[in-house]
Amino acid sequence: MAKKITLAELGSLFNGMDVEALEGVTIEGDIELEMDTSGGLNPQLAYMLGHETAQIAQHLINISRLMGYPVDQLFGSMAQAAVPGVTRPQELLRSKFEVARMVEWKNPIQEVILGATSADGGSRGNTITLGGENALPYYFDSPMPHRNYITMDVFDMPIGMAKAVKVNYEDVINSPAEWAKKVVKDFNADMVTIHLISTDPNIKDTSAKEAAETVADVLQAVDVPIVIGGSGNPDKDPEVLEKAAEVAEGERVLLASASLNLDYERIAKAANQYGHVVLSWTQLEINAQKELNRKLMKQCNVKREDIIMDPTTAALGYGLDYAYTNMERIRLAGLNGDNELSFPMSSGTTNAWGARESWMVRSPLKEDSDWGPREYRGPIWEIVTGLALALAGNDLFMMMHPGAVAVLKEITQNLHGSLDREAVDISSWVTAEV
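We now turn to the structure provided with this report. (Residues numbered from 1 in each chain as written. Predicted model: local features only at pLDDT ≥ 70, side-chain atom pairs only at ≥ 80, totals over all residues. Heavy atoms only, no water.)

As for the sheet that holds strand β6 (residues 254–258)
- Ordered in space as β8-β7-β6-β5-β4-β3-β10-β9, the eight strands form an open sheet in which the pairing is parallel. Since the sheet does not close on itself, it has two edges, and those belong to β8 (307–310) and β9 (346–347), each with one partner.
- In this structure, strand β4 (residues 191–195) lies alongside strand β5 (residues 226–229), joined through four bridges in parallel fashion. Counterpart to V192 in the pairing with β5 is I226. (Pairing = 2+ DSSP bridges. Helix = DSSP H or I, 4+ residues; strand = E, 2+ residues; numbered from the N terminus.)

Rendered as structure tokens:
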């Protein structure tokens, strides 16, 4: 027969002992708890028993729920009754949320049209308009008149690419025209950028005439607006872009690019002569961007509606932070009335693949954590780079990975409001309990 003892007697068994907890102790049968608050019960033991009692109560509550009893209502009414004078609110306080317009933003961003249809002397199926903003992007007090657009990269020769990118283009990598068709038809590119990198004297030194033929092939293959890029060689690019501008006359292409370290006057002259737009490219320096834009307008007589800026996209670590800050400062300066900076912006978002974290299998540091599958890591980094700069005010993205293109298009078009979606009732999303 089990011996009956009181809690005081149980506590006395541990007098003089340094007991912090009891393990493996089971209490069976009926328990009569007589709590003597005047003393006689070890505080630690009382805490332990209280914890066990609460556990038992929780199990009983769960059993009640399983049996269908509305135990939560019972506790709710008990909680409400336990606070005299407090009544449950019937509705939330109504409040109106407004975004104040920035009165000093009186200077809209210049609108620039890329591409020309047959009505304008070109052969593109559609045109694209960038710019026109009166505020920072996606502010609902001042809607963006035009959404963001994406132009996908095509090269005039096979190049080294990250495996996650290359696998998408292996069947067309030797044909710029087929490559262009694929990015438009299969990957829904808004535009195509043909990079004439083989013209670099240190690579193939392809002549300007041959490069122009490649441009003509791409214009025949697709009917979207196109961007024409050189090799980056400051001595060869002016000649290459001049010839490309000539063969693309009337198509209103974007010539990429004019910079302070090459003969920008030749590129500006070609744009004026054949009816194209100039990409004004500087390297993360707002004053250099102002200087080049000013020279294009006043020295080279390029019209405002024929200039787009590329302030450079640095995608690695604090470089992305710097690129974001630079673009945001440029956009704010333009909105505040700086006419040398109030142009649409383009980003070389593909630079995200220059970060080793995008394409390396694993970290070179043994003590580093697992970076995860690079098949996901690279596209995600390209998306994050583009999204960050979209929030800074960037209008046009040059990209490579089809998955990254699809995701960034959906995000930016959702933010812009240009995707048709069913209306979502959010009136019940926020509730309050007291």
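Having put the structure on the table, let's press on.
Concerning the layout of surface pockets
- By volume, the second largest pocket amounts to about 790 Å³.
- Every residue lining the second largest pocket is counted, 31 residues in all, and those nearest its centre are H195, G230, G348, N351 and M398.
- Elements supplying a minimum of two residues to the lining of the second largest pocket: β3 (149–155), β6 and β7 (277–281).
- Of the residues assigned to the lining of the second largest pocket, the class counts are 13 nonpolar, 15 polar and three charged. (1 Å grid on protein atoms, 1.4 Å probe; cavity = no way out; pocket = protein on both sides within 12 Å on 5 of 7 lines; lining within 4 Å. Points joined across faces, edges and corners; volume = space filled by probe spheres on them. Nonpolar A, V, L, I, M, F, W, Y, C, P; charged D, E, K, R; others polar.)

Re the packing of aromatic side chains
- This model, assessed by the stated rule, comprises three aromatic pairs.
- With a centroid separation of 5.9 Å and 50° between ring planes, the pair formed by F155 and W179 is classed as tilted. In this pair, F155 is assigned in strand β3 and W179 in helix α5 (residues 176–185), connecting sequence segments 24 residues apart. The residues F155 and W179 share a single accessibility class, namely buried.
- Between Y169 and F187, the ring centres sit 6.0 Å apart and the planes meet at 80°, which makes this aromatic pair edge-to-face. Taken together, the positions of Y169 in the loop between α4 (163–166) and α5 and F187 in the loop between α5 and β4 put the pair 18 residues apart, joining distant regions of the chain. For the pair formed by Y169 and F187, the shared burial category is buried. (Phe/Tyr/Trp six-rings, centres within 6.5 Å; stacked < 30°, edge-to-face > 60°. Buried < 20%, exposed > 50% of the residue type's maximum accessible area, 1.4 Å probe, protein only.)

Details of helix α9 (residues 286–299)
- Compared with the 20 Å implied by 1.5 Å per residue over 14 residues, the 19 Å span of α9 between its first and last C-alpha is a close match.
- Looking at α9, one finds that the buried residues are I286, A288, Q289, L292, N293, L296 and M297. Relative to the axis of α9, the buried residues are bounded by an arc of 160° and lie together on one face. More than 90 degrees from the buried face of α9, the exposed residues found are N287 and K298.
- If you follow the buried residues of α9, they end up packed against β6, α8 (264–274), β7, β8 and α10 (318–335).
- With its phi angle positive at about 60°, N301 sits one or two positions after the end of α9. (Expected span 1.5 Å × (residues − 1). Arc of directions from axis to C-beta. Contact = heavy atoms within 4.5 Å.)

With respect to a nonpolar patch on the surface
- On the surface, L92, V424, I426, W429 and V430 cluster together to form a nonpolar patch covering roughly 580 Å² of accessible area.
- Exposure remark for L92: the relative accessible area of 45% places this residue in the partly exposed category. (Patch = residues over 30% accessible without salt bridge, like charges linked within 9 Å, V, L, I, M, F, W, Y side chains within 5 Å. Areas by Shrake-Rupley, 256 points an atom, 1.4 Å probe, with all protein chains shown as cover. Salt bridge = Lys/Arg side-chain N within 4 Å of Asp/Glu carboxyl O.)

Quick word on helix α12 (residues 374–392)
- Given a rise of 1.5 Å per residue, 19 residues ought to cover 27 Å, and the 27 Å separating the end C-alpha atoms of α12 matches this to within 8%.
- Against α10, β9, α11 (356–359), β10 (396–399) and α13 (402–416) lie the buried residues of α12.
- Remark: G393 follows α12 within two positions and exhibits a positive phi of approximately 120°.

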